[in-house]
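Notes for the structure review
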Amino acid sequence: MTSTSSREVVLGVTGSIAAYKACEIASLLVKRGVRVTPVLTESAQELVGAASFEGITGNPAITGMFAPDTNREIEHIAVATRADLFLVAPATANILAKAAHGIADDWLSTTLLATRAPILFAPAMNTNMYGHPAVQGNIGALRGRGCHFIGPDSGVLACKTVGVGRMAEPAVVVHAAMGLLTSRTQDLAGKSVLITSGANHEPIDPVRFIGNRSSGKMGHAIALEALERGARVVVVTGPAEVDPPAGCEIVRVQTAIEMCDAVLERAPQADIVIGAAAVADYRAGNPLSQKRKRDGEGLTLALVENPDIIARVGAAKTNGQIVVGFAAETHDLLQNAAAKLRKKNLDLIVANEVNTPESGFGTETVKAAFLDSSGRIDEQPLLAKRALAAALFDRILAIGK
Ligand code: PMT
């Protein structure tokens, strides 16, 4: 991992009620040896004092285009040039709109246009605002330009509503920032990466299906990391809560059989295949063509096995191709993962716990270990899924060296 002692993060704080949490973000970054330059927008200053950030970071907070004491313009170009990362946390709908549309009417929005450093947004706003097409359009545009996002989470919001819009927890935001600060060069340039992601919907009748809780966050974090490191990325995704990143080829499927067909068609051309999807092991043997009416008799389903996609890829591995699986386990993590690694003829498996609040389906973070066919085990700390994706590609690139 690259040292972060000489790294500088510009921490942009905007006018969300979550602004107070930016103090904890600043503190966690400083503890990791990162130099933090705090920037508060006018509305943020209504919610949290600049002095708090100056005390935590040891650096003057930027609160306007001109320095209050000398009235000299604050060199936003110099800061934009030397920053290693811009972290906007919390990020309001307003700053996202300004950044997406190139509006530069304050120090932060101006400097976001001037920097070439990676930009990470931690959105925080009311659920309805977050779901508004204008906000989602701005996020899509920013993602398409390579900006990064962490969260938001679901939960109780300051406006007392419950839903998506709560800023990701400070520790998770900092994980994501550290992943970007220590990000690698374009060490996947020229490589083709095929990823399965999300869930499956196995029809029972035209209305009902058997599904699972995969949100797609893990698979799409892997896709984003691969893109950032120069790979050509194809994502075969089942239904998911989050969309794959702009810039990759997206193949959308519903069932495990559709996913299998899409993967087997593309696997021979891939240098690396990663099975992050929660593939349905079973499907209804006789899905009904019409919605089944309740008849007071209950419903018994005869389920039949679906193909094991990653095992088929593992069995047909071309020379030099690397095939990686995930093991979703609730107990005996390493033993169960090692068994799957062997059975599916994988080069590496990510053994991840899926039965804790901070690791598994739909979480922002994951607790995992990498196992390879030589028996080597690399335990990972609790990481944001994007940071785990970064560590996974480091491990993949070390195979055979
Ligand atoms: O999407 P998120 O909400 O972020 O959640 C991430 C995740 C928990 C889904 C992910 O980290 C994960 O563990 N994915 C694998 C889930 C799974 O199906 O695990 P498994 O142990 O049942 O399968 C082992 C491997 O075989 C996996 O690589 C799986 O993709 C693959 N498989 C399984 C069954 C099948 N029929 N075909 C497959 O290819």
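Values in this document were obtained by computation on a predicted structure and should not be read as measured data.

This part covers the pattern of salt bridges. Inspection of the entire model under this criterion finds 23 salt bridges. Of the charged contacts in the structure, one is a salt bridge between D308 and K344, with a shortest N-O distance of 2.5 Å. Of this pair, D308 sits in the loop between β15 (303–305) and α12 (309–315) while K344 sits in the loop between α13 (333–343) and β17 (348–353), and the two are 36 residues apart along the sequence. For R395, the salt bridge goes to D378, with nearest N and O atoms at 2.9 Å. With R395 in helix α14 (residues 385–397) and D378 in strand β20 (residues 377–379), this pair connects stretches of sequence that are 17 residues apart. Note on accessibility: R395 and D378 belong to one class, buried. Members of the salt-bridge network, linked through shared partners, are R232, E249, E265 and R266.

A word on the site of the ligand. Close to the ligand lie 27 residues; S215, G275, K340, N352 and G362 are nearest. One of the backbone N or O atoms of G216 is found 2.8 Å from an oxygen atom in the ligand. In this structure, an oxygen atom belonging to the ligand sits 2.8 Å away from a main-chain N or O atom of I310. Elements supplying a minimum of two residues to the shell around the ligand: α10 (217–228), α12 and β16 (322–329). Residue contributions to the shell around the ligand peak at 4 residues, all from β16. Counted by class, the shell around the ligand contains 13 nonpolar, 8 polar and 6 charged residues.

Reading the values: rules and limits
Residues numbered from 1 in each chain as written. Predicted model: local features only at pLDDT ≥ 70, side-chain atom pairs only at ≥ 80, totals over all residues. Heavy atoms only, no water. Salt bridge = Lys/Arg side-chain N within 4 Å of Asp/Glu carboxyl O. Helix = DSSP H or I, 4+ residues; strand = E, 2+ residues; numbered from the N terminus. Buried < 20%, exposed > 50% of the residue type's maximum accessible area, 1.4 Å probe, protein only. Near = heavy atom within 4 Å. Polar contact = N/O pair within 3.5 Å; in protein donor to acceptor, adjacent residues only side chain to side chain. Nonpolar A, V, L, I, M, F, W, Y, C, P; charged D, E, K, R; others polar.

Bear in mind that shape data such as this cannot, by itself, settle questions of function.
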